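Chain by chain, the residues run as shown.
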Amino acid sequence: METKKFSIGRIQQADYQSGRQQLDLHFNDGSIRSYKSVPGEVWRRLCQSPNPTTYWEDRIAEEYPHVRGQSNTGIDEARKKLDDLFG
């Protein structure tokens, strides 16, 4: 799996599995969208785009089937803070 982190826009991270042609986009609100049948060229262009959010909106969002999910990162971080506080 290949991973790319972004510092601008709503997309924080993208993961791509070339064998399955699956693109997972992690958004700054904690949501995840998994896109199926995404060609490697689309992945490369997303990674090279000066604005990945705009590229996603224009070339990926409506073109490929996807499933929405939610990241557990926020839950895990909250649990760790409580464990640190209360032992």
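This structure is a prediction, so every number in the text was calculated from the model and none was measured.

By the definition in use, this model includes three salt bridges. Across the pair Glu-57 and Arg-10 runs a salt bridge, and its minimum N-O distance is 3.6 Å. With Glu-57 in helix H2 (residues 52-60) and Arg-10 in the loop between strand S1 (2-5) and strand S2 (11-17), the pair connects residues that are 47 residues apart, well separated along the chain. Taking the relative accessible area as the measure of exposure, Glu-57 reaches 41% and is therefore partly exposed. With a shortest N-O distance of 3.0 Å, Glu-41 and Arg-45 are connected by a salt bridge. Of this pair, Glu-41 and Arg-45 both sit in helix H1 (residues 40-48), separated by four residues, roughly a single helical turn.

So, about the side chain of Arg-33. Structurally, Arg-33 is set in strand S4 (residues 31-35). For the buried Arg-33, no salt bridge exists, and the shortest N-O distance to an oppositely charged side chain is 6.6 Å, to Asp-29. Once you skip the residues sitting within four places of it in the chain, Arg-33 turns out to touch Leu-23, Asp-24, Leu-25, Phe-27, Trp-56, His-66, Val-67 and Arg-68.

Attention now goes to the environment of Cys-47. Residue position: Cys-47 is located in helix H1. Considering only alpha carbons, one finds Cys-47 and Lys-5, 42 residues apart in sequence, at a separation of 8.8 Å.

On to the confidence of the model for the protein chain, then. Residues shown with low pLDDT carry predicted positions that ought not to be read at fine detail. Summary statistics for the protein chain give a mean pLDDT of 90 and a share of 84% for residues scoring 70 or more. The lowest-confidence element of the protein chain is helix H3 (residues 73-86), averaging 66 in pLDDT; the highest-confidence one is H1, averaging 98.

What follows covers the nonpolar core. Within the largest apolar cluster, 18 residues are counted, with the highest numbers of intra-cluster contacts made by Leu-23, Leu-25, Tyr-35, Leu-46, Trp-56 and Ile-60. For this core, the secondary-structure elements that each account for two or more residues are S2, strand S3 (22-27), H1 and H2. Broken down by element, the residue count for this core peaks at four residues, all from H1. Those residues in contact with Trp-56 that sit more than four places away from it in its chain are Arg-10, Ile-11, Leu-25, Phe-27, Arg-33, Tyr-35 and Ala-61.

Our next topic: the packing of aromatic side chains. Counted according to the given criterion, the structure contains two aromatic pairs. Here Tyr-16 and Trp-43 contribute two aromatic rings whose centre-to-centre distance is 5.4 Å and whose plane-to-plane angle is 10°, an arrangement assigned as stacked. Of the two residues, Tyr-16 is situated in strand S2 and Trp-43 in helix H1; the sequence distance between them amounts to 27 residues. Each member of the pair, Tyr-16 together with Trp-43, is buried. Note on Phe-27 and Trp-56: the rings are 5.1 Å apart at their centroids and 65° apart in plane angle, and the pair reads as edge-to-face.

Rules of the game
- Residues numbered from 1 in each chain as written.
- Predicted model: local features only at pLDDT ≥ 70, side-chain atom pairs only at ≥ 80, totals over all residues.
- Heavy atoms only, no water.
- Salt bridge = Lys/Arg side-chain N within 4 Å of Asp/Glu carboxyl O.
- Helix = DSSP H or I, 4+ residues; strand = E, 2+ residues; numbered from the N terminus.
- Buried < 20%, exposed > 50% of the residue type's maximum accessible area, 1.4 Å probe, protein only.
- Lys, Arg positive; Asp, Glu negative; His and termini not counted.
- Contact = heavy atoms within 4.5 Å.
- pLDDT = per-residue confidence, 0-100.
- Core = buried A, V, L, I, M, F, W, Y, C linked by side-chain atoms within 4.5 Å.
- Phe/Tyr/Trp six-rings, centres within 6.5 Å; stacked < 30°, edge-to-face > 60°.

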